[in-house]
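# Chain and residue survey
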Amino acid sequence: MKVEHFYDQETNTLTYVVWDTQTRDAVLIDPVLGYSPITGKIDINQFDAVCSLIAEKGLQLRWIFETHAHADHISASQLYKQRFPQAILGISEHIVAVQQVFKIVLSLDAAFDTSGSQFDVLIKDGECLSAGTLQIQALPTPGHTPACLSFHIGDHVFTGDALFMEDYGTGRCDFPGGNAAALYHSVHEVLYSLPDETHVWVGHDYQPNGREMLCQTTIGAQKKANIQLSEATTEDTFVAFRQGRDAGLSTPRLLYASIQVNIAGGHLPEPDDSGKRYLKMPFNADAWVSVAG
Ligand SMILES: [Fe+2]
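These notes cover the structure that comes with them.

How each quantity is defined
Residues numbered from 1 in each chain as written. Predicted model: local features only at pLDDT ≥ 70, side-chain atom pairs only at ≥ 80, totals over all residues. Heavy atoms only, no water. Pairing = 2+ DSSP bridges. Helix = DSSP H or I, 4+ residues; strand = E, 2+ residues; numbered from the N terminus. Donors = N, O, S within 2.8 Å, 3.2 Å for Na, K, Ca; no water. Buried < 20%, exposed > 50% of the residue type's maximum accessible area, 1.4 Å probe, protein only. Phe/Tyr/Trp six-rings, centres within 6.5 Å; stacked < 30°, edge-to-face > 60°. 1 Å grid on protein atoms, 1.4 Å probe; cavity = no way out; pocket = protein on both sides within 12 Å on 5 of 7 lines; lining within 4 Å. Points joined across faces, edges and corners; volume = space filled by probe spheres on them. Nonpolar A, V, L, I, M, F, W, Y, C, P; charged D, E, K, R; others polar.

## Remarks on the sheet that holds strand E4 (residues 32-35)
Across the sheet, which stays open at both edges, the 3 strands sit in the order E5-E4-E7 with antiparallel pairing between neighbours. Bordering the open sheet on either side are strand E5 (42-43) and strand E7 (74-75), each of which pairs with just one other strand.

## Considering the coordination of the iron ion
Within the protein, the atoms that donate to the iron ion are His68 (NE2), His144 (NE2) and Asp161 (OD), at distances of 2.0 to 2.3 Å. Look at where the donors of the iron ion fall in the sequence and you get H-x75-H-x16-D. Taken together, the residues span a long stretch of sequence, with His68 in the loop between strand E6 (60-65) and E7 and His144 in the loop between strand E11 (134-140) and strand E12 (149-153) at a distance of 76 residues. As far as burial versus exposure is concerned, His68 and His144 are alike and both buried.

## Details of the packing of aromatic side chains
A complete count under the given rule lists 10 aromatic pairs for this structure. With 5.1 Å between their ring centres and 15° between their planes, Trp63 and Phe65 make a pair best called stacked. Neither Trp63 nor Phe65 differs from the other in exposure class; each is buried. When the centroid spacing of 5.9 Å and the interplanar angle of 80° are considered together, the rings of Phe164 and Tyr206 count as edge-to-face.

## Let's talk about the layout of surface pockets
Put simply, the largest pocket is a space of about 690 Å³. Taken together, 28 residues line the largest pocket, and the ones lying closest to its centre are Ala264, His267, Leu268, Pro269 and Glu270. Breaking the lining of the largest pocket down by element, the ones donating at least two residues are helix H2 (77-83) and helix H7 (255-262). Its residues placed into classes, the lining of the largest pocket shows 13 nonpolar, 9 polar and 6 charged. Taken as a whole, the second largest pocket spans an internal volume of roughly 490 Å³. What lines the second largest pocket is a set of 26 residues, among which Asp72, Tyr168, Arg172, Tyr206 and Pro252 lie closest to the centre. Residues belonging to the lining of the second largest pocket are distributed by class as follows: 8 nonpolar, 11 polar and 7 charged.

Next comes the structure, spelled out in structure tokens:
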């Protein structure tokens, strides 16, 4: 089995291609679509790079997995679905809870479906999946969002935003449905119960203190040294820390654009009568109202 990573510098996101070197069966995890909120333009640089790898290695793309509905980048999943129609797009079955919340937050059209139908497969907690010869187990790791999965393939686990590198810690838990205590249990009881030698591939790397980008570690190293949540950290300590840290974090730059596309399975907004596509943004006029009375 081989893993190749792709790092999106703009959003510090890691995308992975995992494949069986014998059969060439492959899966793709958390693909990124470049997007500028200033110009409204997308770019497909990462898509092109991943497609080059797939072609060069002769891979058969079987699945596209989302570890969760990302709030910091737009998923490129539907671009891959166009290029590789046989690939199955999967996300946690709990995505429906995220869809329901953000349908209200974004005041989406009444017709917006919150049954998860925009994805090909809604994956159950603990479900075992096959991608040709690759065997994958979907481990429930909620906390960052209620619909976070980690994907365990061979002696590798792809943790999305549950765990980052040891010197950065864990994902924030303050989005709607996020829960620091849930993340504590996901890490301690699900991820830290994997063998110490299991390779951990993280969903983001923010390069703390200017260090080089790193995306791979092990469960043993995380248990010993994760700066926010090691094996020795108590639940109370972690929850107090995480809630305190989250209170000071700013809203992700691409939150509304990302969430609105990603809870729709990566489908772009439908064009209007003029053929143009638009995203919705909340406009908070509380300060105006306080002046105007
Ligand atoms: Fe995330």
